[in-house]
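Observations on the three-dimensional arrangement
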Amino acid sequence: MKTYNSILDFKSTIQTTITIGTFDGVHLGHQSILKKLVDAKNLENYESVLLTFFPHPRMVLQQDASIKLLNTIEEKAELLDKFGIDNLIIHPFDTAFSNLSAEEFVKEILVDKLNIHKIIIGHDHRFGKNRTADINDLISFGKKYNFEVEQISAQEINEIAISSTKIRIALLESDVRLANQYLGYTYFISGKVIEGKKIGRTISFPTANIEIKENYKLLPKNGVYIVSSKIDGIIYFGMMNIGKNPTIGENEQSIEVHFFELNRDIYNENLKISILEHIREEQKFNSLSELQAQLEKDKSFSLDYIQNLK
């Protein structure tokens, strides 16, 4: 898959089959659209293009700083790369782009820049300035500019919307098992290992502190989770705490992972942490010794869980 950071960077002499959307989560519902895109490309021998935008349009048009997404843009690209799409275009979304009229978007972007043959899109898709144009307008433009429009059914679109909502709710309620079921893969976070206060090593539970720079990334509810990560080609299991460490009086949220069998320094490394199961809510203990005793119980529970996985 070739990745482009602007529509302006894309050039192809071969006509394209296109889909457009945020595809946040790249969950099972989205995957059905990706299959349609790749199948159409293979059947008709056109190049496939997925056009998405960053920042998320709501961040620009509504200045919605509270919006939380299931994937960072890098995570989304990693997930999409597995589906056999030829081209991913991540176009910068700004007010100038949002002010394109519907016909300007079709003629200047889809026809002139992307060399469109077919577009696969939802029945509820709206586009152009103030999102005034709909699927019927797109069909009319298709006849005028000689491209096909394949509609994704209302039922499929509804299922996608329901899935996205259920995934977010599940993660915010610590139900990672349900979230993973809808995703079709294990939810993960990505970040850099940074220096912490090293309190964990004083109670025999050293942790890797994970820094996630993208503040729009959705984190599960504060608590303790069973996780895994591939390091040096080996999968290591561990426990992750998301929270404010109330036992030691912290105020800022942190993400800390204790790996069970990892015995080397991983500072400054970038890790992908897959979240397998929720263990318990975050708790405040009366002392570090009480916290250590609970962590021993958490570890025993986690090791049993991992053994059952194997």
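The preceding data block contains the structure.
**Quick word on the overall build of the protein**
Counting its regular elements, the protein contains 9 helices and 12 strands. For the protein, the C-alpha atoms occupy an extent of roughly 75 × 40 × 35 Å along the three principal directions. Restricting to contacts in the protein with at least 6 residues of sequence separation, those with at least 24 account for 74%. Here the protein has roughly 15,700 Å² of accessible surface; of this, 47% comes from carbon and sulfur atoms.

**As for unusual backbone geometry**
In the segment running from Phe54 into Pro55, the intervening peptide bond is cis, with an omega of 5 degrees. If you trace the backbone, Pro55 turns up in the loop between β3 (47-54) and α2 (57-61). The phi dihedral of Asn45 falls on the positive side, at around 60 degrees, and the residue is not glycine. Tracing the sequence through the fold places Asn45 in the loop between α1 (28-44) and β3. Given a relative accessible area of 64%, Asn45 falls into the exposed group. The residue Asn146 is not glycine, and still its phi comes out positive at about 65 degrees.

**A few points about the pattern of salt bridges**
Close approach of charged atoms allows side chains of opposite charge to pair. Counted according to the given criterion, the structure contains 16 salt bridges. Lys41 serves as the salt-bridge partner of Asp86, at 3.5 Å between the closest nitrogen and oxygen. Here Asp86 is found in the loop between α3 (73-80) and β4 (87-92), whereas its partner Lys41 is found in helix α1, with 45 residues between them in sequence. Owing to a relative accessible area of 14%, Lys41 belongs among the buried residues under this scheme. One continuous salt-bridge network, built from bridges that share partners, spans Glu44, Lys118, Glu148 and Glu150.

**Let's talk about the side chain of His125**
Within the secondary structure layout, His125 lies in the loop between β5 (116-122) and α6 (135-145). The buried category is assigned to His125, whose relative accessible area is 17%. Those residues in contact with His125 that sit more than four places away from it in its chain are Ile20, Ala133, Asp134 and Ile135.

**Quick notes on helix α7 (residues 154-172)**
With 19 residues, α7 should cover 27 Å at 1.5 Å per step; its first-to-last C-alpha distance of 27 Å lies within 8% of that length. When we look at burial in α7, the residues that qualify are Glu156, Ile157, Ile160, Ser163, Ser164, Ile167, Ala170 and Leu171. Each buried residue of α7 sits inside an arc of 160 degrees when the element is viewed along its axis, so together they form one side. Contacts from the buried residues of α7 go to α1, β5, β6 (148-152) and α8 (176-183). Just downstream of α7 lies Ser174, where phi reads positive at about 70 degrees.

**Let's talk about the packing of helix α5 (residues 102-111) against α6**
A pair of packed helices can be characterised by two numbers: the angle between their axes and the separation between those axes. Where α5 contacts α6, the two axes come as close as 11 Å, and the packing angle between them is 50 degrees. Relative to α6, the element α5 lies oblique. Judged by the twist between their axes, the crossing of α5 over α6 is right-handed. Between α5 and α6, the residues in contact are Ala102, Glu103, Val106, Lys107, Leu110 and Val111 and Leu138, Phe141, Lys144 and Tyr145, respectively. For the contact of α5 with α6, a count of residues per class yields 7 nonpolar, no polar and 3 charged.

What counts and how
- Residues numbered from 1 in each chain as written.
- Predicted model: local features only at pLDDT ≥ 70, side-chain atom pairs only at ≥ 80, totals over all residues.
- Heavy atoms only, no water.
- Helix = DSSP H or I, 4+ residues; strand = E, 2+ residues; numbered from the N terminus.
- Contact = heavy atoms within 4.5 Å.
- Areas by Shrake-Rupley, 256 points an atom, 1.4 Å probe, with all protein chains shown as cover.
- Buried < 20%, exposed > 50% of the residue type's maximum accessible area, 1.4 Å probe, protein only.
- Salt bridge = Lys/Arg side-chain N within 4 Å of Asp/Glu carboxyl O.
- Expected span 1.5 Å × (residues − 1).
- Arc of directions from axis to C-beta.
- Axes fitted to C-alpha atoms, helices over the stretch in contact; angles between N-to-C directions.
- Parallel < 35°, antiparallel > 145°, perpendicular 65-115°, else oblique.
- Left-handed = near helix turned anticlockwise from the far one by under 90°.
- Nonpolar A, V, L, I, M, F, W, Y, C, P; charged D, E, K, R; others polar.

Everything listed is a geometric property; what it means functionally is a separate question.
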